[in-house]
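Next come the chains, spelled out residue by residue.
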Amino acid sequence: MIQLEIDGKPVEVKEGSMVMDAANQLGIYVPHFCYHKKLTIAANCRMCLVDIEKAPKPMPACATPVTAGMIVRTASDKAIKAQKGVMEFLLINHPLDCPICDQGGECLLQDLAVGYGGSNSRYNEEKRVVFHKDVGPLISMEEMTRCIHCTRCVRFGQEIAGVMEFGMLGRGEHAEITTFVGKTVDSELSGNMIDICPVGALTSKPFRYTARTWELSRRKSVSPHDGLGSNLIVQVKNHRVMRVVPLENEAINECWLSDKDRFSYEALNVPDRLTKPMLREGTNAGAVWREVDWPEALEFVAAGLKRVVDAEGSSQIGALASPHSTLEELHLLQKLMRGLGSDNIDTRLRQSDFSANAVAPWLGMSIAQFAELDRVLVIGSFLRKDQPLLAQRLRQATKRGALLSVLHAVDDDLLMPVANKLIAPPSQWVDVLGSIASPDAAGSAASSSASDVARAIAKSFTSGSSKAILLGNAVVQHPQFAQIAAVAQALAVATGSKLGFLTEAANSVGAHIARAYPIQGGMNAAAMLDQPRRAYVLLNIEPELDVANPVAARAALQSAELVVAMTTFKSAVDQHANVMLPIAPFTETSGTFVNTEGRAQSFNGTVKPLGEARPAWKVLRVLGNLLGLEGFDYESSEAVRTEVTGGATDLSARCGALDVQVSGESAASLALAPGSLEPGDLEPGELERVADVPIYFADALVRRSSPLQETNDAAEPTARINSRALASLSLVSGDRVSVVMDDGEAVVACKRDETVADGCVRLATAHASTAGLPSLFGAVTITKLASADTNAGASVDAAASVVGQA
């Protein structure tokens, strides 16, 4: 430890610390622009110049290491004069557009200019101008003349996001921040560059010119998307959400947000919002929707459910709920179903193999422990897109020397060092994972090169003090999920590693704690669709986009006598439901999400519900009362939460140890599960499908956020195949193809993608264009419909026609 003195106050800091660190420890503010606690030191703004005794000139506090006995003065005449000189230089070219700048009111330059800027400028020469750039739908670079070249955005891309999308060109007054040859910014964490920009050079394009910062009310909330549970500040004006920014929580999201957390609010006020209860009158093509009041809608639902129970039995009612729903909503839904006598409830909508015992799909450790791992095996995870901020934490761990190994069917660029990777078709994952567990007795499916990698992975786990094996979404959705999980568990036990899940949704863990799954012989999600019920209760789902088998979902709902849909958006269920009940999204209701580490985080609504929408927990409470069920007399969502959690916030003990058990009978029948393939089962001309859920197709909110839907990550799915498979099918990238699986079909363009394993095609789910395929895994046949040249020619002709009409 080093002892020094700052502004007359003694302080002790670690050796290697900077003067800025010591000042922060004392609570002494040193003005700065380029310094950020999460980024490396650049020392290029010079605003943090301080007076150090015996130093010949002022020194930058962010880049000056402490020494024993150092005496620092941050507010001496010498320091203040140096800081004012720097400020004068920074303001030479800065435009005087604070009245129209979105950063006005929360601008670091604006704040420091008050304290360190002069009342007039001595600079009379012509000011420089930097032309605007278009870098995509999320970040605005319309006023880059404001940029002070702090390079925070550049360093964020390199160090946190893992990809250098911004850089600096030119020298002197010609220097400017830009992208490489006009490319867009596509990182899933790009919005954080807006937050860390200390001036108004990078601003939010969706928020641009919509409100001033002092007009906004600020309310805390929790992200409803991935399993991390990022903390948010929702900013509101006139009962409308205007912007979402991070609430710093070092234990969860640090000071960052993923772009889907930041920009999904744009879906909250789209025309597709359901604002009144609606009943469907008539049948088939002649059916029309009629707006009704809440009493009529709820009485219709209660009467319909009673009718089905009395005539067909309670087992003919099934409930499907989104794992993005709150803990309170899921608890009341399962309580309603079990009050009616039915155990048919599930949130595991994309799962196809239920032969293992139900285990809580949690991380198996705290997020802090996850960040300290030094040996990691990730199986079947589209990590960057499924869990952007957990991927960021893993990226930092690899920088510190952690060894990351990957088993997957696609070789995605994780933007971090990967020590070992095994890229194999999904049908081989059980054998390949077994070869890691027993590297000297590799399965027949593993090639010699795969066996070498398996040995390298096994060897990496012989060392290290903190180890984990993590199962991604593709494993949970895999038709042999139980077998993969069981082998992974055995490997974890053998290597002394933790076993965990990289959970899919905001409340996947909460759904398990609320027991929103069959526990007494009820039907799981797949069974409810394969064996249609007479009535369905849908909570916050889009049936053809959120399930493993959209074909079965469509057929089951169309054949049902009653489909009750509690939904935020009309288009989510208007083709299937008999009654639509408008429920509030996360910004308009109170509730609780349990994140991937088992932490329960509660939040309140930030705005009033739109129109006649109501919180889903209130709708379920009233339905319980109308049905005459006991235990539905809640006064608040807090009362519901307390009933589930007992008031605890750390629910990791309720998640329990991840003990995967597969019965012998179920294990023997796994080969018959939909999509199951054994190595070598493919017929000539067939490929294995690998289905990812693109980051901006993952839930109803991101699907309707217009800025997110304009990004490259939201492009229409293509059949992505490597060059060897393309050649074997006589295809070229860009050809229009028919993808057939069993009785289902999707028509898409094909695209060359060398990251896809041999014998596989990567084709996304959760999109209308691929909703005709009945499984996320399994054999598909691809047939050419039109050549790439024909498609291009048709596009040119269409464009010419439009120009001619204009």
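Preceding this section is the structure that the text describes.
Residues numbered from 1 in each chain as written. Predicted model: local features only at pLDDT ≥ 70, side-chain atom pairs only at ≥ 80, totals over all residues. Heavy atoms only, no water.

Caption draft 1: Broad picture of the overall build of the protein chain. Looking only at helices and strands, the protein chain has 27 helices and 33 strands in total. In summary, the protein chain has a C-alpha radius of gyration of 29 Å against a globular reference of 28 Å for 806 residues, a match within 12%. With the C-alpha coordinates of the protein chain rotated into their principal frame, the extents come out at 90 × 70 × 65 Å. Split into buried and exposed, the 806 residues of the protein chain put 58% on the buried side. Restricting the contact set of the protein chain to residue pairs at least 6 apart, pairs at least 24 apart contribute 72%. Surface accessibility of the protein chain: about 31,800 Å² in total, with carbon and sulfur atoms responsible for 51%. Here the protein chain contributes 75 positive and 92 negative side-chain charges, whose respective centroids are spaced 6 Å apart. (Helix = DSSP H or I, 4+ residues; strand = E, 2+ residues; numbered from the N terminus. Rg over C-alpha atoms; globule rule 2.2 N^0.38 Å. Buried < 20%, exposed > 50% of the residue type's maximum accessible area, 1.4 Å probe, protein only. Contact = heavy atoms within 4.5 Å. Areas by Shrake-Rupley, 256 points an atom, 1.4 Å probe, with all protein chains shown as cover. Lys, Arg positive; Asp, Glu negative; His and termini not counted. Charge placed at Lys NZ, Arg CZ, Asp CG, Glu CD.)

Caption draft 2: Structural view of unusual backbone geometry. Even without being glycine, tyrosine 209 reaches a positive phi, approximately 60°. By the secondary structure assignment, tyrosine 209 is in the loop between β10 (203–204) and β11 (217–222). Even without a glycine there, the phi angle at asparagine 540 is positive, about 65°. Relative to the assigned elements, asparagine 540 resides in the loop between β23 (535–539) and α18 (543–546).

Caption draft 3: Geometry of empty space enclosed by the protein. In the structure shown here, the tally under the stated rule is nine cavities of 30 Å³ or more. In this structure, the largest cavity occupies an estimated 450 Å³ of space. Taken together, 28 residues make up the lining of the largest cavity; nearest its centre are Arg348, Gln351, Val359, Pro361 and Val476. Residue assignment for the lining of the largest cavity shows that the elements contributing at least two residues are α14 (473–476) and α16 (508–513). Considering each element in turn, the lining of the largest cavity owes the most residues, three residues, to α16. A class-by-class count of the residues in the lining of the largest cavity yields 15 nonpolar, eight polar and five charged. Empty space within the second largest cavity amounts to approximately 310 Å³. Residues of the lining of the second largest cavity, tallied by class, amount to 13 nonpolar, nine polar and five charged. (1 Å grid on protein atoms, 1.4 Å probe; cavity = no way out; pocket = protein on both sides within 12 Å on 5 of 7 lines; lining within 4 Å. Points joined across faces, edges and corners; volume = space filled by probe spheres on them. Nonpolar A, V, L, I, M, F, W, Y, C, P; charged D, E, K, R; others polar.)

Caption draft 4: Local environment of the nonpolar core. Formed by 93 residues in total, the largest nonpolar core has its most connected members in Leu333, Leu377, Ile379, Leu433, Ile469 and Leu581. Isoleucine 469 has contacts with Leu377, Ile379, Phe461, Ala488, Leu491, Ala492, Thr495, Ser497, Lys498, Leu499 and Gly500, leaving out every residue within four places of it along the chain. The next biggest cluster of nonpolar side chains, apart from the first, holds 72 residues, and it includes Val86, Leu112, Ile139 and Met416. (Core = buried A, V, L, I, M, F, W, Y, C linked by side-chain atoms within 4.5 Å.)

Caption draft 5: Expanded view of the pairing of strand β16 (residues 317–321). Taken across its five residues, β16 has five buried, putting it largely inside the fold. Neither face of β16 is open: one carries Ile317, Ala319 and Ala321, the other Gly318 and Leu320, and all of them are buried. Here β16 pairs with β23 via five bridges, running parallel. Bridged to glycine 318 within β23 is tyrosine 536. The parallel pair β16 and strand β17 (residues 345–346) is bridged by helix α8 (residues 327–339), and the resulting crossover is right-handed. (Pairing = 2+ DSSP bridges. Right-handed = clockwise from strand over helix to strand, strands pointing away.)

Caption draft 6: Broad picture of the sheet that holds β11. The strand order across the open sheet formed by three strands is β11-β12-β13, and the pairing between neighbours is antiparallel. Looking along the sheet, the strands with just one partner apiece sit at the ends: β11 and β13 (240–246). Sheet twist, expressed as the mean angle between neighbouring strand axes with direction ignored, is 30°. When β11 meets strand β12 (residues 231–237), the two strands line up antiparallel, connected through six bridges. The residue of β12 that forms the bridge with valine 222 is asparagine 231. (Axes fitted to C-alpha atoms, helices over the stretch in contact; angles between N-to-C directions.)

Caption draft 7: A look at the sheet that holds strand β4 (residues 59–60). Taken in spatial order, the five strands make up an open sheet running β2-β1-β5-β3-β4, and their pairing is mixed. A single partner strand is all that each edge strand has here, and the edge strands are β2 (9–13) and β4. Here strand β3 (residues 49–52) pairs with β4 via two bridges, running antiparallel. Its bridge partner being in β4, valine 50 is matched across the sheet by methionine 59. Sheet strands touched by helix α1 (residues 19–26): β1 (2–6), β2, β3 and β5 (71–73). Its angle to β2, the strand with the most contacts, is close to 115°.

Caption draft 8: Main features of the side chain of asparagine 344. If you trace the backbone, asparagine 344 turns up in the loop between α8 and β17. One polar contact links the side chain of asparagine 344 to the main-chain carbonyl oxygen of isoleucine 317, over a distance of 3.2 Å. (Polar contact = N/O pair within 3.5 Å; in protein donor to acceptor, adjacent residues only side chain to side chain.)

Caption draft 9: How the structure looks around the layout of surface pockets. By volume, the largest pocket is sized at about 1,000 Å³. Per-element accounting of the lining of the largest pocket gives the leading share, three residues, to helix α10 (residues 383–386). By residue class, the composition of the lining of the largest pocket is twelve nonpolar, five polar and 16 charged. The space that makes up the second largest pocket amounts to roughly 780 Å³.

Caption draft 10: Here's a closer look at the packing of aromatic side chains. All told, the structure shown has three aromatic pairs when counted by the stated rule. One cation-aromatic arrangement involves lysine 335 over phenylalanine 632; the distance from NZ or CZ to the ring centre is 5.6 Å. (Phe/Tyr/Trp six-rings, centres within 6.5 Å; stacked < 30°, edge-to-face > 60°. Lys NZ or Arg CZ within 6 Å of the ring centre and 35° of its normal.)

Caption draft 11: Region of interest: the environment of leucine 383. Topologically, leucine 383 is positioned in helix α10. Given the relative accessible area of 2%, leucine 383 is considered buried. Distance in space between the C-alpha atoms of leucine 383 and asparagine 24 is 35 Å, their sequence separation being 359 residues. Those residues within four positions of leucine 383 in sequence are excluded, and the remaining contacts are Pro388, Ala391, Leu394, Leu414, Met416 and Leu502.

Caption draft 12: View of the packing of helix α7 (residues 294–312) against helix α20 (residues 616–626). Relative orientation of the contacting elements α7 and α20 amounts to 55°, with a least axis distance of 10 Å. Taken together, the axes of α7 and α20 lie oblique to each other. α7 and α20 meet at a crossing whose hand is right-handed. Counted together, Trp294, Leu298, Glu299, Val301, Ala302 and Lys306 of α7 and Val619, Val622, Leu623 and Leu626 of α20 form the full contact between these two elements. (Parallel < 35°, antiparallel > 145°, perpendicular 65-115°, else oblique. Left-handed = near helix turned anticlockwise from the far one by under 90°.)

Caption draft 13: Seen up close, helix α13 (residues 448–460). Its 13 residues place the ends of α13 18 Å apart at the C-alpha level, agreeing with the 18 Å of an ideal helix rising 1.5 Å per residue. Residues of α13 that are buried include every one of Ala450, Ser451, Ala454, Ile457, Ala458 and Ser460, and no others. If you follow the buried residues of α13, they end up packed against β18 (375–379), β19 (403–408), β20 (420–423) and α12 (429–437). (Expected span 1.5 Å × (residues − 1).)

Caption draft 14: Fine view of helix α2 (residues 77–91). With 15 residues, α2 should reach 21 Å at 1.5 Å per residue; the first-to-last C-alpha distance of 21 Å fits that figure. Among all positions of α2, only Ala79, Ala82, Gln83, Val86, Met87 and Leu90 are buried. With its buried residues spanning 140° around the axis, α2 presents them on a single face. Opposite the packed face of α2, turned more than 90 degrees from it, sit the exposed residues Asp77, Lys81 and Phe89. In the core, the buried residues of α2 are packed alongside β3, β5 and α3 (108–116). (Arc of directions from axis to C-beta.)

Caption draft 15: Here's a closer look at the pattern of salt bridges. Across all of its chains, the model carries 43 salt bridges by this definition. Ionic pairing is found between glutamate 296 and arginine 290, a salt bridge with its closest N-O pair at 2.9 Å. (Salt bridge = Lys/Arg side-chain N within 4 Å of Asp/Glu carboxyl O.)

Caption draft 16: Layout of the state of the cysteines. Tallied over the entire structure, the rule returns zero disulfides. This cysteine, cysteine 255, is not joined by any disulfide, and cysteine 150 carries the nearest cysteine sulfur, 14 Å off. Residue classification places cysteine 255 among the buried residues on the basis of a relative accessible area of 14%. Not part of a disulfide, cysteine 750 finds its nearest cysteine sulfur in cysteine 760, a span of 16 Å. (Disulfide = S-S within 2.5 Å.)

Caption draft 17: Highlighting the pairing of β2. Note that β1 and β2 share five bridges and pair antiparallel. Bridging across to β2, glutamate 5 finds its partner in proline 10. Hairpin connection between β1 and β2: a loop of two residues separates the two successive antiparallel strands, and aspartate 7 in this loop has a positive phi of roughly 50°.

Purely spatial values, then, with no claim about function.
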